[in-house]
Amino acid sequence: MATIEECREALDRLAENLAGASGDLRDAAAPDRSLSCHLSDLDVTFVGHLAGGHIQDVRTVPGTPERRSEIALTMTGDDLVALVDGRLNFAKAWAAGRVRVQASLRDVLRLRKLL
């Protein structure tokens with residue numbers, strides 16, 4: 001099972017990838033949205049803000065936040081690490097129920113490009 005630290009490192013790698021992205025990937029990361037990623041096996045949520053191709057102000061909160069983000073993901077820590085590492089396909093994980101997404105359809109399509 002992935003630790004909170006390993007999951008935070010995975011989010012940091014995703015943030016670095018977004019900051020250095022160009023073309024379609026950069027466009028997918030451009031919207032200004034609140035973002036959360038609840039890790040069901042660790043019962044913690046990473047909460048931050050996606051703006052201008054960067055994930056900003058990331059903090060860890062216990063459980064699920066009271067206010068739902070515009071893009072809210074739920075998965076296990078292992079799945080988060082695998083998604084960021086490219087070992088797990090986002091679309092297949094979403095279709096299989098391993099990743100749950102609460103967001104607009106447009107944001108879901110953008111997420112597919114990011115993950």
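Cut-off values and rules
Position labels on residues start from 1 in each chain and follow its written sequence. Thresholds applied to this predicted model are a pLDDT of at least 70 for local features of residues and 80 or more for the giving and counting of side-chain atom pairs; totals over whole chains, interfaces and linings are not thresholded and use all residues. Hydrogen atoms and water are omitted, and side-chain values are computed over all heavy atoms in the structure. Labels follow the DSSP assignment, with helices taken as runs of H or I lasting at least four residues and strands as runs of E lasting at least two, numbered in each case from the N terminus. The cut-offs for exposure are 20% and 50% of the maximum accessible area for each residue type, with area from a 1.4 Å probe on protein chains only; residues under the lower value are buried, those over the upper are exposed, and the others partly exposed. Residues are treated as being in contact if the distance between any of their heavy atoms lies within 4.5 Å. Stacked, tilted and edge-to-face are the three classes applied to pairs of Phe, Tyr and Trp rings, where Trp contributes its six-membered ring and a pair requires centres within 6.5 Å; stacked means planes under 30 degrees apart, edge-to-face means over 60, and tilted covers the rest. Basic side-chain nitrogens of Lys or Arg form a salt bridge, by our definition, when they fall within 4 Å of a carboxyl oxygen of Asp or Glu. Strands are treated as partners if at least two bridges between them are detected by DSSP. By nonpolar core we mean a set of buried residues, namely Ala, Val, Leu, Ile, Met, Phe, Trp, Tyr and Cys, connected to one another through side-chain atoms within 4.5 Å.

> So what about the overall build of the chain? Which residues, and what values?
Regarding its fold elements, the chain presents five helices and five strands. When the helices and strands of the chain are placed in sequence order, the string is α-α-β-β-β-β-α-α-β-α. The buried share of the chain, taken over its 115 residues, is 44%. Counting only contacts in the chain whose residues sit at least 6 apart along the sequence, the fraction spanning at least 24 positions is 58%.

> Residue-level account of the packing of aromatic side chains, with values.
Inspection of the entire model under this criterion finds one aromatic pair. Between F90 and W94 the ring centres are 6.3 Å apart and the planes differ by 15°, which places this aromatic pair in the stacked class. Here F90 pairs with W94, and both are found in helix α4 (residues 90-95), just four residues apart, close to one helical turn.

> Help me get a handle on the pattern of salt bridges, residues and values and all.
Counted by the stated rule, this structure contains four salt bridges. Ionic pairing is found between D79 and R98, a salt bridge with its closest N-O pair at 2.5 Å. Of this pair, D79 sits in helix α3 (residues 77-85) while R98 sits in the loop between α4 and β5 (100-102), and the two are 19 residues apart along the sequence.

> Kindly report on the pairing of strand β1 (residues 33-39), identifying the contributing residues and their values.
Burial analysis of β1 places six of its seven residues in the buried class, which makes it a mostly covered element. Sheet topology places β1 next to strand β2 (residues 44-51); seven bridges connect them, and they run antiparallel. Its bridge partner being in β2, H38 is matched across the sheet by T45. The hairpin turn running from β1 into β2, its antiparallel successor, is four residues long, and D43 in that turn takes a positive phi close to 50°. Taken together, the five bridges between β1 and strand β4 (residues 71-75) define a ladder with parallel strand orientation. The residue bridging C37 from the neighbouring strand is L73, located in β4.

> I'd like a rundown of the nonpolar core, residues and numbers included.
In summary, soluble globular proteins display a tendency toward joint burial of nonpolar side chains. Of all hydrophobic cores here, the largest spans 27 residues; its most connected members are C7, L39, M75, L80 and V99. Breaking this core down by element, the ones donating at least two residues are α1 (4-19), β1, β2, β4, α3 and α4. Apart from residues no more than four positions distant in its own chain, V99 is found in contact with T74, M75, L83, F90, A93 and W94.

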